[in-house]
There are 2 protein chains.
Amino acid sequence: MPNALLLIAHGSRRPEANADLVAVAASLRRRLSDQLVEIAYLELAAPTIPEGLNRCVEQGATDIRILPYFLSAGAHVQEDLEQARADFLRRYPGKTCHLSPPLGLHPLMIEILIDRIQEDL
Amino acid sequence: MPNALLLIAHGSRRPEANADLVAVAASLRRRLSDQLVEIAYLELAAPTIPEGLNRCVEQGATDIRILPYFLSAGAHVQEDLEQARADFLRRYPGKTCHLSPPLGLHPLMIEILIDRIQEDL
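All values derive from a computational prediction rather than experimental measurement.

Observations concerning the pattern of salt bridges
Taken as a whole and assessed by the stated rule, the structure comprises six salt bridges over all chains. The salt bridge involving B:R31 is made with A:E111; its shortest N-O contact spans 2.6 Å. Here A:E111 lies in helix 4 (residues 107–119) and B:R31 lies in helix 1 (residues 15–31), a pairing that spans two chains. B:R90 is the salt-bridge partner of B:D87, the closest N and O atoms lying 2.6 Å from each other.

Here's the deal with the interface of chain B and chain A
On the side of chain A, 45 residues touch chain B, which itself brings 45 residues to the contact. Taken together, the two surfaces of chain B and chain A that pack against each other cover about 4,300 Å², and 69% of this comes from carbon and sulfur. Across the contact surface, chain B and chain A share two salt bridges. At the junction of chain B and chain A, the tally comes to eight residue pairs in polar contact (both at pLDDT 80 or more). Elements supplying a minimum of two residues to the side of chain B that touches chain A: strand 1 (4–9), helix 1, strand 3 (63–68), helix 3 (75–91) and helix 4 (107–119) of chain B.

Some details on the packing of helix 2 (residues 49–58) of chain B against helix 3 of chain B
Residue and element names in this part refer to chain B. The N-to-C vectors of helix 2 and helix 3 enclose an angle of 45°; their axes lie 10 Å apart at closest approach. The orientation of helix 2 relative to helix 3 falls into the category oblique. The chirality of how helix 2 crosses helix 3 is right-handed. Residues I49, P50, L53, N54 and V57 of helix 2 form the contact with helix 3, whose participating residues are L81, A84, F88 and R91. For the contact of helix 2 with helix 3, a count of residues per class yields seven nonpolar, one polar and one charged.

Section: the nonpolar core
Core analysis: the largest hydrophobic core is formed by 44 residues, its most contacted members being A:L7, A:L28, B:L7 and B:L28. If you list the elements that add at least two residues to this core, you get strand 1 (4–9), helix 1 (15–31), strand 2 (36–41) and helix 4 of chain A together with strand 1, helix 1, strand 2 (36–41) and helix 4 of chain B. Once you skip the residues sitting within four places of it in the chain, A:L28 turns out to touch A:L5, A:L7, A:V37, A:L67, B:L113, B:I114 and B:I117.

What to know about the relation of the copies chain B and chain A
With an axial shift of 0.0 Å and an RMSD of 0.0 Å, the rotation relating chain B to chain A amounts to 180°. Between the two chains, the operation in question is that of a two-fold axis.

Some points on the packing of aromatic side chains
Residues and elements named next belong to chain A. Under the defined criterion, the tally for this structure stands at two aromatic pairs over all chains. Ring plane angle 40° and centroid distance 5.1 Å describe the contact between F88 and Y92, whose orientation is recorded as tilted. The partly exposed category is assigned to Y92, whose relative accessible area is 22%.

About the cut-offs
- Chains are numbered independently. Their residues run from 1 in the order of the written sequence.
- Naming scheme: in the order in which they are written, chains are lettered from A and ligands are numbered from 1.
- Predicted model: local features are reported for residues with pLDDT of at least 70 only, side-chain atom pairs are reported and counted for 80 or more only, and whole-chain, interface and lining totals are derived from all residues.
- To get the side-chain values, all heavy atoms of the structure are used, and hydrogens and water are removed first.
- Between Lys or Arg on one side and Asp or Glu on the other, a salt bridge is scored when a side-chain nitrogen of the former is within 4 Å of a carboxyl oxygen of the latter.
- Numbering of helices and strands runs from the N terminus; a helix is a DSSP stretch of H or I covering at least four residues, while a strand is a stretch of E covering at least two.
- Note on definitions: a residue-residue contact is assigned when non-hydrogen atoms from the two residues lie within 4.5 Å.
- The term buried area denotes the loss of accessible surface (1.4 Å probe radius) that occurs when two parts are joined, taken as the sum for both partners.
- Counted as a polar contact is a pair of N or O atoms within 3.5 Å, where, for protein atoms, one must be capable of donating a hydrogen and the other of accepting one, and residues adjacent in sequence contribute only when both atoms are in side chains.
- To get an axis, a line is fitted to the C-alpha atoms, and for a helix only the part in contact is used. The angle between two axes follows their N-to-C directions and goes from 0 to 180 degrees.
- Orientation labels follow simple angle bins: below 35 degrees gives roughly parallel, above 145 gives roughly antiparallel, 65 to 115 gives roughly perpendicular, and whatever is left gives oblique.
- Crossing chirality is assigned from the near helix's rotation relative to the far helix, an anticlockwise turn below a right angle marking it left-handed and a clockwise turn marking it right-handed.
- Throughout this entry, Asp, Glu, Lys and Arg are counted as charged residues, while Ala, Val, Leu, Ile, Met, Phe, Trp, Tyr, Cys and Pro are counted as nonpolar. The remaining residues, Gly among them, count as polar.
- Only buried residues count toward a nonpolar core. Its members are Ala, Val, Leu, Ile, Met, Phe, Trp, Tyr and Cys residues joined through side-chain atoms within 4.5 Å.
- Exposure classes here rest on a 1.4 Å probe applied to the protein chains alone. A residue is buried below 20% of its type maximum, exposed above 50%, and partly exposed in between.
- When the copies are superposed, the least-squares fit draws on C-alpha atoms of residues that have pLDDT of at least 70 in both.
- Only Phe, Tyr and Trp rings take part, Trp by its six-membered ring, and two of them pair if their centres are within 6.5 Å. Stacked means planes under 30 degrees apart, edge-to-face means over 60, and tilted covers everything else.

Here it is, written out as C-alpha cells:
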C-alpha cells in the first residue's frame, strides 16, 4: 500500500462540482483509516496537483498514488496527469509516485445509473 | 418512464475513452429491455447530441430523457446540455425532453474507487 493517496478531479468554476471530491476524500478516509488522503484539481480550482503532491510530502509521504476521479481519461487529462507525475519525480528523486487508471467501466457503475434513472422519475 | 434514454459522455480524441459509453449503453439495454437507449457525445466524437436526439425521434420516441454519464457537471457541460435540450424542444414542439442530473456522489462510487485501488496494487 502506498502511504498517500492523491484524488484528482478535473476542477470546475462551479463550487458544488468541486465539493464532490471533498466528500469522496472524506469517505475514503473513513474506509482506509491508516491512509493519508489528499485531493487536487487538474484545473480551475485549488489545490493544484503540485500543491496536492506537496501536501502529501509535507506529511511524510514517500510513496504516493495518484487516483484520477474520472470515469475515463481523455487525451488531455491523461497527458496532464503523466506530466504532473514526471515533474514530481524530478523534484523529489527519493520518492515514488504511481498513476492509477480512471474509474472506468465497473459493473457497479450500471447500478448507479439505474438508481439515478429511477430516483429521478 | 420516458420512451427513450439518451446517454451523453464528453467525447474524446481517444477511441478507447469513447468506447466506454457504447458498453454502458449495451449494459443498460440488457437491464431495461423495453427501453430505447441511444448515445451521443458533447464534443470531439459522433454522434453529436442533436444526432442522438434525432435517432430517438426516428425510432418513434416522444419522451426523451437525457442522461449525462458524468460524475459531476461543470459550468460548460451543464450549459451545453441545457442548450441542446432547448434547441430540441424548439425543433420538435410535440415532444418532451428531460435532462437528468449527473451521476454524482452515489455510495457505490466509493466501492468502485476502493476496488480500483486494490486491483491496482
